[in-house]
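Next come the chains, spelled out residue by residue.
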Amino acid sequence: MAGLYFHIPFCRRVCAYCDFYKSVETSRMDPVLEAMERELPAAAAWIADRRIRTIYFGGGTPSLCDPGRLRRLVDRAAERLDCSQIEEFTVEANPDDMSGAWIEQMLRAGADRLSVGVQSFDDDELRLMNRRHTGRQAEEALRSARAAGFRNLTADLIFGVPGFGEQVLRRNLDRMLELGVTHLSAYHLTVEPNTAFGRRTERGIFTPVDEETSEREFLLVHRILTEAGFEHYEVSNYALPGFRARHNTAYWTGEEYLGIGPAAHSFNGEARRWAAASIDRYLAQAGTEALYEEERLCERDRFNEYLMTGLRRAEGIALERFEALFGRPRLERLLREAEEPLRSGSLLLREGGLAIPPERFLVSDAVIGALFEAE
Ligand code: SF4
């Protein structure tokens, strides 16, 4: 089964840390949504498995859209794809867009999971990040979503923000738990060059936190959430039992997915392709092959990607499956390379699989990178 992703590339304001593809020209929303309907029919033919299991509206800011308009995209998709067995329908939302009416309509439009961009409940921290909502609005948004009937509620949280230490983080986590989220994505702030934080860092007026602070905050998040019954099931993701993100898990387990919209990525098991990250090009080329760039994955790419996505999950990678996919010699090489991290405890060998212990996830990129097969 496959996942279906819609990218709504508009934001009212640009957050200081964000390097996703987005535009503040919200007046172009309607033409882009129409172009997405044009893109769908031909794009749907690109994936081999047409049975859609999960739907995800991400961005950008899908909550700037009328829920009926989002539903129309799903209905268009259902004309070409089998959408009769949807197990999860997620919409990302900004707290200050989540009026009672919007939440109700989104529920009626078929969504069963809201992903709320909270990031923090601390107003000073929100201001620093240039978020457009307050802590109170975030609380109200989560309360209203629950009251309206969204049982499956996830929120984003950012930690490792300079000037906001463990006390603020602890309060943020406590508030999340009080408000009844069932899933949490907790990201360490990364300072990307092409962002406000990146530019301030270059000018020497913003300093990212040091490694010890990163590790302390990462472990604090891990401890508070796991003690509250959440599974730390992926580097940045925590879920109560039964509430893991199915759509994202499909990305990490190599299932096919179809992305619709500017800059959206798709994967059909053998190749990856992505639409132009440009509203102008999208409007001109949606529905044509000229819109995409494509990359075929060679055996080495598939191997490295399998390691990367597998070892970022608590389950890790099953050696039997690994051997079936990549052969005995590669498995033996992997086990040889794994000797050092196994000795240091950064990797564990258990139940026929290799895994990184969740409390060491913070250094997972370095551990995984050392196992990669070079060109
Ligand atoms: S709302 Fe989301 S996509 Fe838009 S600028 Fe902020 S973080 Fe980026």
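As the structure is a computational prediction, the values presented were derived from the model and not from experiment.

*Asks:* I keep staring at the overall build of the protein and nothing clicks. Help me out?
*Replies:* A count of helices and strands for the protein gives 15 helices and 15 strands. Taken over C-alpha atoms, the radius of gyration comes to 21 Å for the protein, in line with the 21 Å a tight globule of 375 residues would show. Along the first, second and third principal axes, the C-alpha atoms of the protein reach 55 × 50 × 45 Å. Buried positions account for 39% of the 375 residues belonging to the protein.

*Asks:* What's the story with helix α1 (residues 29-44) in this structure? I'm lost.
*Replies:* The periodicity of an α-helix, 3.6 residues per turn, causes residues three or four positions apart to be oriented the same way. Given a rise of 1.5 Å per residue, 16 residues ought to cover 22 Å, and the 22 Å separating the end C-alpha atoms of α1 matches this to within 8%. At R38, α1 shows its largest kink, close to 25°, and the proline P41 lies no more than four residues downstream. Residues M29, V32, A35, M36, E39, L40 and A43 constitute the buried set of α1. Looking at the buried positions of α1, the neighbouring elements they touch are β1 (2-8), α2 (67-80), β9 (257-260) and α10 (279-285).

*Asks:* What is the right way to read the sheet that holds strand β14 (residues 348-350) from this model?
*Replies:* Sheet strands pair via backbone hydrogen bonds, and the direction of the pair is either parallel or antiparallel. Taken in spatial order, the three strands make up an open sheet running β13-β15-β14, and their pairing is antiparallel. In the strand order of this sheet, the two ends are held by β13 (317-318) and β14, each with one partner. Bridge count for β14 against strand β15 (residues 353-355) is three bridges, and the pairing is antiparallel. Each bridged residue has a counterpart across the sheet, and for R350 the counterpart in β15 is G353.

*Asks:* Please explain the site of the ligand as it appears in this structure.
*Replies:* Inspection of the region around the ligand gives C11, V14, C15, C18, F20, K22, G59, G60, T61, N94 and G117 as its neighbouring residues. Across the shell around the ligand, the residue classes break down as five nonpolar, five polar and one charged.

*Asks:* Would you mind going over the environment of S144 with me for this structure?
*Replies:* Checked against the element boundaries, S144 lands in helix α5 (residues 135-148). Its 17 C-beta neighbours within 10 Å are what place S144 among the partly exposed residues. It is 38 Å that separates the C-alpha atoms of S144 and A42, two residues lying 102 residues apart in sequence. Apart from residues lying up to four places away in sequence, S144 is in contact with M98, G100 and I103.

*Asks:* What's the story with the domain arrangement of the protein in this structure? I'm lost.
*Replies:* When the parts of a complex come together, some accessible area is lost, and that lost area is often used as the size of the interface. Each domain of the protein was delimited in the assignment, giving domain 1 (2-251) and domain 2 (299-371). The gap between the C-alpha centroids of domain 1 and domain 2 is 28 Å. Listed by partner, the interface residues are 10 residues for domain 1 and eight residues for domain 2. Those elements that place two or more of their residues in the side of domain 1 that touches domain 2 are α8 (211-227) and β7 (231-234). Its residues assigned to classes, the side of domain 1 that touches domain 2 shows four nonpolar, three polar and three charged.

*Asks:* Honestly, the pairing of strand β6 (residues 183-188) in this entry has me stumped. Any pointers?
*Replies:* Within a regular strand, the side chains alternate between the two sheet faces. Direction of pairing for strand β5 (residues 152-159) relative to β6: parallel, over a ladder of six bridges. The partner of I158 across the bridge, within β6, is Y187. Viewed along the sheet, the connection from β5 through helix α6 (residues 166-178) into β6 turns out right-handed. Here β6 runs beside strand β8 (residues 237-239); their pairing, made up of three bridges, is antiparallel. When the bridges of β8 are listed, L184 appears paired with Y238.

About the cut-offs
Residues numbered from 1 in each chain as written. Predicted model: local features only at pLDDT ≥ 70, side-chain atom pairs only at ≥ 80, totals over all residues. Helix = DSSP H or I, 4+ residues; strand = E, 2+ residues; numbered from the N terminus. Rg over C-alpha atoms; globule rule 2.2 N^0.38 Å. Buried ≥ 20, exposed ≤ 12 C-beta atoms within 10 Å, placed from the backbone. Expected span 1.5 Å × (residues − 1). Bend = angle between axes of the 7 residues up to and from the residue. Contact = placed C-beta atoms within 7 Å. Pairing = 2+ DSSP bridges. Near = placed C-beta within 6 Å. Nonpolar A, V, L, I, M, F, W, Y, C, P; charged D, E, K, R; others polar. Domains from an automatic or database assignment. Right-handed = clockwise from strand over helix to strand, strands pointing away.

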